[in-house]
Amino acid sequence: GGMAAVLLLLLLLAAAGPGPGRAEAGRERRDALREELLLSPLPTGDVAATFQFRTRWDADLQRGAVSHYRLFPKALGRLVAALGVRELHLALTQGFWRTRYWGQPPLQAPAGAELWVCNLWCLFSHSVDKAWKELSNILSGIFCASLNFIDSTNTVIPTASFKPLGLANGTDHHLLRYAVLPREVVCTENLTPWKKLLPCGSKAGLAVLLKAERLFHSSYHSQAVHIRPICRVTEMPIPTLHAQRYVGGYGLQTGQICTLIYNSHPYRAFPVILLETVPWYLRLYVHTLTIITKGKENKPSYIHYQPAQDRRRPHLLEMLIQLPANSVTKITIQFERALLKWTEYPPDPNHGFYVGSSVLSALVPSVTAMKDVDVEQSPLFTSLFPSSDGSSYFVRLYTEPLLVNLPTPDFSMPYNVICLTCTVVAVCYGSFYNLLTRTFHVEEPSRGGLAKRLANVIRKFRGVPPL
């Protein structure tokens, strides 16, 4: 069987203490690093290797600059302090985690690159969008990724799907940004700077097991960085919720996006928030939105839709849908493909255009009970194995990214036209240039060579007429 690898770098910012002096006195003692590795056999015969490196840093970045970095990576610490980021979540993923067959992952991520932050506010700029652009550019340099391609055309502001995961239970959604690059390819250039964020790099601890030649031959590989305040988390690995998505229709003019959401809980219904981010070049027909559950229409209790603007921002669609027990809910929406300018096509246009994964957020009822667990104990293992006295747990799932074909011009035709035109111009121009610049000279008949002159001299002495 194959292998699925998940790398988690969890950076926890401890809450402020009762006083500055007390916080300073205990900072050396409370900063901590914990490394965990879990090897799990999967039902398909594969093996999942989950690495978690958790750094706890007792520092109040909101009160002033911090100059001492012992375990926490300085590059990220200064970035968080400068931009006032409350939480930061970055994931670089290759492949797709099949929840239906592999179970619930420790922390799922969509294919490609995903970045979302809470309470983004730059101290030197009054524009959240400028701070967001600055943040993506800096992270692009830190992780050697193409995060600099994050702009207004692939950034959305969710109103319900994303909330802080740390101590803060609420946030102003105007200070929240979410973006995904489904085309991003994860390689060794991303793994090396990720390992440099660890206190010992790849020279000690579990990081010595992170060999690129093995990780990048796995069926699924994900590396993530999560910065958040310390809080209590409750998670369950039982996959009572999973989803899939595909493109329907035929031809290159219209089509539809189909999403199937499965609630496999035997007797409990629960709501789920669905977030769809669709590029502007797919013109959505919102009036064609249909939600069918068990053959009947399922009306959402909440809908937030922000239409796209050509070449400026994508579509944003959020819905709160009730999922009956042991049911399959089908969501479809039709779209029309737009015609792009020839300069907007990528180098491989016939490969298709990627559409980012859908995001599902839900409070899923537990099949077996469990209780709250403290991340200070064993954040990885306690999140994977249930305990008792709990009724539900929070889950965020991602569907597969979509690959959509758009009307593509025949790029070989301009090439042929250019070649033919250049040939004709070269021949015609060369001929006219020769006629206009060539100088004609009349050549006098030659008088003969040396042999002829010698023969005439001899004939002269003999009295014979010259040749």
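In this text, all values refer to a predicted model and were calculated from it rather than measured experimentally.

Caption draft 1: Structural view of the packing of aromatic side chains. Taken as a whole, this structure holds 11 aromatic pairs when the rule is applied. Ring centres of F51 and F53 lie 6.5 Å apart, and the angle between their planes is 5 degrees; on these two criteria the pair is classed as stacked. Comparing F51 with F53, the two get one shared label, buried. With 6.1 Å between their ring centres and 65 degrees between their planes, Y345 and F353 make a pair best called edge-to-face. Neither residue differs from the other here; Y345 and F353 are each classed as buried. Three or more aromatic residues joined by ring pairs form one cluster here, namely W280, Y281, Y345, F353 and F411.

Caption draft 2: Quick look at the sheet that holds strand β18 (residues 359–365). Read from one edge of the open sheet, 5 strands run β14-β15-β11-β18-β19, paired in antiparallel fashion. Both edges of this open sheet fall to β14 (302–306) and β19 (392–398), since each of them pairs with a single strand only. The sheet shows a mean angle of 15 degrees between the axes of neighbouring strands, direction not considered.

Caption draft 3: Fine view of unusual backbone geometry. Even without being glycine, C144 reaches a positive phi, approximately 55 degrees. Mapping C144 onto the fold places it in the loop between α4 (128–143) and β6 (155–156). Even without glycine at this site, N326 takes up a positive phi of about 50 degrees.

Caption draft 4: Here's a closer look at empty space enclosed by the protein. Applying the stated criterion to the full structure yields 1 cavity of 30 Å³ or more. The volume enclosed by the largest cavity comes to roughly 90 Å³. Surrounding the largest cavity, I257, T259, L274, E276, V278, L284, L289, L317, M319, I331, T332 and I333 form its lining. Those elements that place two or more of their residues in the lining of the largest cavity are β10 (254–263), β11 (270–278), β12 (282–293), β15 (315–323) and β16 (327–337). Its residues placed into classes, the lining of the largest cavity shows 9 nonpolar, 2 polar and 1 charged.

Caption draft 5: Quick peek at the pattern of salt bridges. Under the defined criterion, the tally for this structure stands at 5 salt bridges. Between R177 and D129 there is a salt bridge, with the nearest N and O atoms lying 3.0 Å from each other. On the criterion of sequence distance, the pair formed by R177 in strand β7 (residues 177–181) and D129 in helix α4 is long-range, its members being 48 residues apart. Relative accessible area serves as the criterion here: at 5%, R177 is assigned to the buried category. Residue classification places D129 among the partly exposed residues on the basis of a relative accessible area of 47%.

Caption draft 6: Broad picture of the environment of W57. Mapped onto the fold, W57 is located in strand β3 (residues 47–57). What makes W57 buried here is its relative accessible area of 2%. C-alpha of W57 to C-alpha of G77: the two residues are 20 residues apart in sequence and 9.8 Å apart in space.

Caption draft 7: Just the sheet that holds β16, in detail. Pairing is antiparallel in the open sheet, where 5 strands are placed in the order β9-β10-β16-β12-β13. Where the open sheet ends on each side, the last strands, each with one partner, are β9 (241–248) and β13 (296–297). Where β10 lies against β16, 10 bridges are found, and the strand directions are antiparallel. From the neighbouring strand, I257 faces β16, where its bridge partner is I333.

Caption draft 8: Seen up close, the side chain of T293. Mapped onto the elements, T293 comes out in strand β12. A distance of 3.1 Å separates polar atoms of two side chains, one belonging to T293 and the other to N298. Non-local contacts of T293, meaning those with residues more than four positions away in its chain, are made with N298, P324, S327, V328 and T329.

Caption draft 9: Summary view of the packing of helix α2 (residues 74–83) against α4. For the pair α2 and α4, the least separation of the axes is 11 Å and the interaxial angle reads 175 degrees. Here α4 runs roughly antiparallel to α2, going by the angle between their axes. Between α2 and α4, the residues in contact are A75, L76, L79 and L83 and A131, E134, L135, I138, L139, I142 and F143, respectively.

Caption draft 10: Structural context of the confidence of the model for the chain. Per-residue pLDDT for the chain averages 81, and the proportion of residues at 70 or more is 82%. With pLDDT under 50 throughout, residues 15–29 is counted as low confidence; its partners more than four residues away or in other chains account for 12 contacts. Low confidence marks residues 381–389, where pLDDT is under 50. Its contacts with residues over four positions away, or in another chain, come to 23 contacts.

What counts as what
- Residues numbered from 1 in each chain as written.
- Predicted model: local features only at pLDDT ≥ 70, side-chain atom pairs only at ≥ 80, totals over all residues.
- Heavy atoms only, no water.
- Phe/Tyr/Trp six-rings, centres within 6.5 Å; stacked < 30°, edge-to-face > 60°.
- Buried < 20%, exposed > 50% of the residue type's maximum accessible area, 1.4 Å probe, protein only.
- Pairing = 2+ DSSP bridges.
- Helix = DSSP H or I, 4+ residues; strand = E, 2+ residues; numbered from the N terminus.
- Axes fitted to C-alpha atoms, helices over the stretch in contact; angles between N-to-C directions.
- 1 Å grid on protein atoms, 1.4 Å probe; cavity = no way out; pocket = protein on both sides within 12 Å on 5 of 7 lines; lining within 4 Å.
- Points joined across faces, edges and corners; volume = space filled by probe spheres on them.
- Nonpolar A, V, L, I, M, F, W, Y, C, P; charged D, E, K, R; others polar.
- Salt bridge = Lys/Arg side-chain N within 4 Å of Asp/Glu carboxyl O.
- Polar contact = N/O pair within 3.5 Å; in protein donor to acceptor, adjacent residues only side chain to side chain.
- Contact = heavy atoms within 4.5 Å.
- Parallel < 35°, antiparallel > 145°, perpendicular 65-115°, else oblique.
- pLDDT = per-residue confidence, 0-100.

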